[in-house]
Amino acid sequence: MSAVANPATVAECLRVGAGFSQGDRNWIAEQFATLDARLASFHADATELEVSVKDREARGQKVTLECWIAGRQKIVTTSSEDDLHAALNDVRDDLRRRLNDAKTKQEPRHNKHLREEGQPGTDAPPADDDAEAPAQTGVA
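Remember, predicted model here, so these are calculated numbers, not experimental data. (Residues numbered from 1 in each chain as written. Predicted model: local features only at pLDDT ≥ 70, side-chain atom pairs only at ≥ 80, totals over all residues. Heavy atoms only, no water.)

## Observations regarding the pattern of salt bridges
Evaluation of the coordinates by the stated rule reveals seven salt bridges. Of the charged contacts, one joins Lys74 and Glu66 as a salt bridge, the two residues approaching to 2.9 Å between their closest N and O atoms. According to the relative accessible area criterion, Lys74 is partly exposed, its value standing at 43%. According to the relative accessible area criterion, Glu66 is buried, its value standing at 14%. Connected through salt bridges with shared partners, the residues Arg15, Glu48 and Glu50 form a single ionic network. (Salt bridge = Lys/Arg side-chain N within 4 Å of Asp/Glu carboxyl O. Buried < 20%, exposed > 50% of the residue type's maximum accessible area, 1.4 Å probe, protein only.)

## Here we look at the pairing of strand E4 (residues 75–79)
Alternating positions in E4 separate cleanly, Ile75, Thr77 and Ser79 being buried on one face and Val76 and Thr78 remaining unburied on the opposite face. For strand E3 (residues 62–69) and E4, the ladder comprises five bridges, and the chain directions are antiparallel. Across the sheet, residue Thr64 finds its bridge partner in E4, namely Thr78. The antiparallel hairpin formed by E3 and E4 contains five residues in its connecting segment, where Gly71 sits at a positive phi of about 85°. (Helix = DSSP H or I, 4+ residues; strand = E, 2+ residues; numbered from the N terminus. Pairing = 2+ DSSP bridges.)

Spelled out as structure tokens, the structure:
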């Protein structure tokens, strides 16, 4: 696997949307920093993140994190946690899970379970059948 020349990072790809100011961007980026390891396999110029909040600090607030990566479907995660920090952590963790799931689905060769289950009709390899035939004729 080749390394990405310009890996995506939260600090480089994050935009703040409705409900947040540019002043909030740094502390949000710090909370989302654990996503850097997962985003590093994508090019920075082909990756975008946007976080927004509706009804900030009110009961029923809704935090949304959207992720666009070239060649993949847009991923949207949301949280209705009352605490803003908890809501941000919730959407961050959900995005990480969904990126991991998308990678596993797109690259099943790295997942032994999917590799074995994904190939129908491979119950016994052909070499085993050939090896058993001479043994049966010699015994009879």
